Amino acid sequence: MQFAERMSLLGTETAFEVLVKARALEAKGKDVVHLEIGEPDFDTPKHIIEAAKDALDQGYTHYGPSAGLPELREAIAHDVGRSRGIPLRPEQVVVTPGAKPIMFYVLLALAQPGDEVIYPNPGFPIYESVIRFVGARPVPIPLREERQFSLDVNELRDLITERTRLIIINSPQNPTGGVLPSEDLQIIAEIAVQHGIPVLADEIYSRMVYEGEAQRIMVYDGMADWGIILDGVSKTYAMTGWRLGYGVMPEPLAVHVTRLMTNSNSCTAAFTQRAALAALHGPQEPVDTMMAEFRRRRDVFVEGLNTVPGLHCTMPKGAFYAFPNISEVSASSQEFANYLLQEGGVAALAGKDFGTYGEGYVRFSYANSLTNLRKALERIADCVEKFKR
Ligand code: PLP
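All of the points below concern the structure found in this document. Just so it is clear, the model here is predicted, and its values are computed rather than measured. (Residues numbered from 1 in each chain as written. Predicted model: local features only at pLDDT ≥ 70, side-chain atom pairs only at ≥ 80, totals over all residues. Heavy atoms only, no water.)

**Quick look at the pairing of strand β12 (residues 362-365)**
Note on strand geometry: in a regular strand, side chains alternate between the two faces of the sheet.
In step 1: Residues Val362 and Phe364 line one face of β12 and the alternating positions Arg363 and Ser365 line the opposite face, and both faces are buried.
In step 2: Inspection of the sheet shows strand β9 (residues 321-322) paired to β12 by two bridges, in the antiparallel sense. Within the sheet, the bridge partner assigned to alanine 322 lies in β12 and is phenylalanine 364.
In step 3: As paired strands, strand β11 (residues 349-350) and β12 are joined by two bridges and run antiparallel to one another. Note that in β12 the partner of leucine 349 across the bridge is arginine 363. (Buried < 20%, exposed > 50% of the residue type's maximum accessible area, 1.4 Å probe, protein only. Helix = DSSP H or I, 4+ residues; strand = E, 2+ residues; numbered from the N terminus. Pairing = 2+ DSSP bridges.)

Next up, the structure:
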């Protein structure tokens, strides 16, 4: 079989590969603490599950509109509009199976060979993968530890060329747990409006911040015309396996993204959309409870990492990832992550899997029990000891 050339451009998300390796080790009897996969370890709240069951009983088992059920688009426009303090219309909303397709579709709709797309590095690996896949040139904007993993707006300004077609930002961030401060978001918005460049704001972790409220780029002047929000229920409501995400964008782009849905998925599963409606309209206490638990784990885990000689870790301000610096370890991030898994029994991801600026770090997802996190800390300390320069 001969494959299309473009397939060689497509990257991957190693979390799924490390999960398979970890499961294989477990099958051979090794005890592994799973800190690799980026999903809350909580159950989906009961009322959401009940809403899905009711929907199945009520016959939400058929095709629906490609852009999503009207009642869900309306609820998203209202919810997103309220949290960002801007008026939004349901026509600006496209519902997709998980939030990931929004990245894919927006890049397909906006970027082509010869174009450039600016994206955060270290960052979610799918940005770079899909930018390459559509034939555009990935232009990394570094997120540096000394800036608490925010970007340098002056550096961003310098990266803009007449070929720049999109700027991707992510806050709170995967893999660093960093957030972009409001002053920076305002300047990014000004740069985007001045140059007429759309901004894809990946806000999938926007309800997962530990201090105050998440800052949103959409509140700034002109962003109604240039902003694209990516969000969904996966992380906020512990619904990763339901596959329900959405994009909110200017209407002309929503028309194209909807056509991409028609050409690929037809529509998102109807009963999961009804469940998402229950998530948005229902009690929000489960989100607060989950975040309180994540905060406890973050404090224990990050403080624990910082007591390991040879490691230092910036306190994450959002999401559920810790991204410690391992530059005092005499191994690459890949070698160290491999050793951690094979010998230490801790599944983690190499920083380089999040881009070149991720080398010298590893990513731990602290979506695991305090008992397991404490066990992981001991194992990590032993592994670091073996490699310490
Ligand atoms: N954006 C970021 C930054 C993520 O980390 C993830 C998932 O890990 C996604 C988007 C995808 O979310 P979903 O599971 O809804 O497709």
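**Quick look at the packing of aromatic side chains**
In step 1: The tally for this structure, following the rule as stated, stands at 15 aromatic pairs.
In step 2: With a centroid separation of 5.4 Å and 90 degrees between ring planes, the pair formed by phenylalanine 42 and phenylalanine 294 is classed as edge-to-face. Of this pair, phenylalanine 42 sits in the loop between β1 (33-34) and α2 (46-57) while phenylalanine 294 is found in helix α11 (residues 285-306), placing the two residues 252 residues apart along the sequence.
In step 3: Put simply, the rings of Phe42, Tyr205, Phe294, Phe320, Tyr321 and Tyr366 pair up and form one aromatic cluster.
In step 4: Here the basic side chain of arginine 298 rests over the ring of tyrosine 210, its NZ or CZ set 4.4 Å away from the ring centre. (Phe/Tyr/Trp six-rings, centres within 6.5 Å; stacked < 30°, edge-to-face > 60°. Lys NZ or Arg CZ within 6 Å of the ring centre and 35° of its normal.)

**Topic: the pattern of salt bridges**
Two side chains bearing opposite charge may form a pair once their charged atoms approach each other closely.
In step 1: In the structure shown here, the tally under the stated rule is 23 salt bridges.
In step 2: The residue lysine 53 makes a salt bridge to glutamate 50 at a minimum N-O spacing of 3.5 Å. Linking lysine 53 with glutamate 50, this pair stays in helix α2, spanning three residues, or about one helical turn.
In step 3: In this structure, the salt-bridge partner of arginine 132 is glutamate 128, at a minimum N-O distance of 2.8 Å. With arginine 132 and glutamate 128 both in helix α5 (residues 125-133) and four residues apart, this pair spans about one turn of that helix. (Salt bridge = Lys/Arg side-chain N within 4 Å of Asp/Glu carboxyl O.)

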